[in-house]
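Fold and geometry: a report
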Amino acid sequence: QKHKMMLATTLRMMSKRSICDIRPNIINSYHRHFSSLDFDSSVIVTRSCAKQIQALKNKSQNKNLHLRVSVEGGGCSGFKYTFQMEDSDIQEDDRTFEVDGCKVVIDTTSFDFMKGATVDYVQEMVRSSFAVLNNPQSESACGCGSSFAVKNFASNPALD
């Protein structure tokens, strides 16, 4: 049930041209529609995120730019997300997620803290920024959304 609610929230935030058009029966028939997608071993990249990456690539005139997302210790909740546009080589153990030719790269350790999350570009009145939303590995987050606490911290496999 929790995964269905998280999926519904994630899909609502995605654009119309994303994975699918939102319909109530999709949530009820989750396995039929999404059996080939494993949300627990992936990260969702929204079209808004891809659009912003493309805008930054165009502005810098560097077609090799990609967004690197990582998790570091710190922040008011224990861990924080960092976002960096870079054109460095993608490492063999990096996880790469691509939408519309725009790449989001996450190192293996950080990926363990982000499995099933959504990487988005959020525009608000006071700021616009990349953000990690609906992270099933997080049990709580700070008010600004840039830091989070990990569920079952003591038994998290990413801490080995």
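Because the structure is predicted, anything quoted here is derived from the model rather than measured.

All right, on to the overall build of the protein chain then. What the protein chain contains, in helices and strands, is five helices and nine strands. Buried residues in the protein chain amount to 40% of all 160 residues. Summed over its atoms, the accessible surface of the protein chain is roughly 9,500 Å², and 48% of this surface lies on carbon and sulfur atoms.

Examined bridge by bridge, strand E6 (residues 118-123) and strand E7 (residues 128-133) share six bridges and lie antiparallel to one another. When the sheet's bridge partners are listed, Asp120 is paired in E7 with Ala131. If you look at the hairpin formed by E6 and E7, you'll find four residues sitting between the two strands.

Here Asp94 is to be found in the loop between strand E3 (79-86) and strand E4 (95-99). Among the residues examined, Asp94 registers a relative accessible area of 11% and is labelled buried. A polar side-chain atom of Asp94 sits 2.7 Å from a polar atom in the side chain of Arg68. For Asp94, the side chain forms a polar contact with the main-chain nitrogen of Gln91, separated by 2.9 Å. In this view, Asp94 contacts Arg68, Val105, Ile106 and Asp107; residues no more than four positions away in its chain are not counted.

Within the secondary structure, Lys57 sits in helix H4 (residues 47-60). Although Lys57 is buried, it makes no salt bridge; Glu98 carries the closest opposite charge, 7.2 Å away. Apart from residues lying up to four places away in sequence, Lys57 is in contact with Asn62, Lys63, Leu65, Gly101 and Cys102.

Here we come to the environment of Ile53. Residue position: Ile53 is located in helix H4. In this structure Ile53 touches Leu67, Met85, Cys102, Lys103, Val104 and Phe130, once residues within four positions along its chain are discounted.

All right, on to the packing of aromatic side chains then. Following the criterion strictly, the structure yields four aromatic pairs and no others. For the ring pair Phe83 and Phe130, a centre distance of 6.2 Å and an interplane angle of 25° mean the geometry is stacked. You can see Phe83 sitting in strand E3 and its partner Phe130 sitting in strand E7, a full 47 residues away along the chain. For the ring pair Tyr121 and Phe130, a centre distance of 5.2 Å and an interplane angle of 65° mean the geometry is edge-to-face. Just as Tyr121 is buried, Phe130 falls in that class too. Positioned over the ring face of Phe111 is Arg95, at 4.1 Å from the centre of the ring.

Another point: the pattern of salt bridges. The final tally for this structure, using the stated rule, is five salt bridges. For Glu86, the salt bridge goes to Arg68, with nearest N and O atoms at 2.5 Å. You can see Glu86 sitting in strand E3 and its partner Arg68 sitting in strand E2 (residues 66-73), a full 18 residues away along the chain. Assessed through its relative accessible area of 17%, Glu86 is described here as buried. Between Lys115 and Asp112 there is a salt bridge, with its nearest N and O atoms 3.6 Å apart. Taking relative accessible area as the criterion, Lys115 reaches 27% and is therefore assigned partly exposed. Residue Asp112 is classed as partly exposed on the basis of its relative accessible area, which comes to 22%. Connected via shared salt-bridge partners are Arg68, Glu86 and Asp94.

Cut-offs used in this document
Residues numbered from 1 in each chain as written. Predicted model: local features only at pLDDT ≥ 70, side-chain atom pairs only at ≥ 80, totals over all residues. Heavy atoms only, no water. Helix = DSSP H or I, 4+ residues; strand = E, 2+ residues; numbered from the N terminus. Buried < 20%, exposed > 50% of the residue type's maximum accessible area, 1.4 Å probe, protein only. Areas by Shrake-Rupley, 256 points an atom, 1.4 Å probe, with all protein chains shown as cover. Pairing = 2+ DSSP bridges. Polar contact = N/O pair within 3.5 Å; in protein donor to acceptor, adjacent residues only side chain to side chain. Contact = heavy atoms within 4.5 Å. Lys, Arg positive; Asp, Glu negative; His and termini not counted. Salt bridge = Lys/Arg side-chain N within 4 Å of Asp/Glu carboxyl O. Phe/Tyr/Trp six-rings, centres within 6.5 Å; stacked < 30°, edge-to-face > 60°. Lys NZ or Arg CZ within 6 Å of the ring centre and 35° of its normal.

These results come straight from atomic positions and should not be treated as a statement about function.
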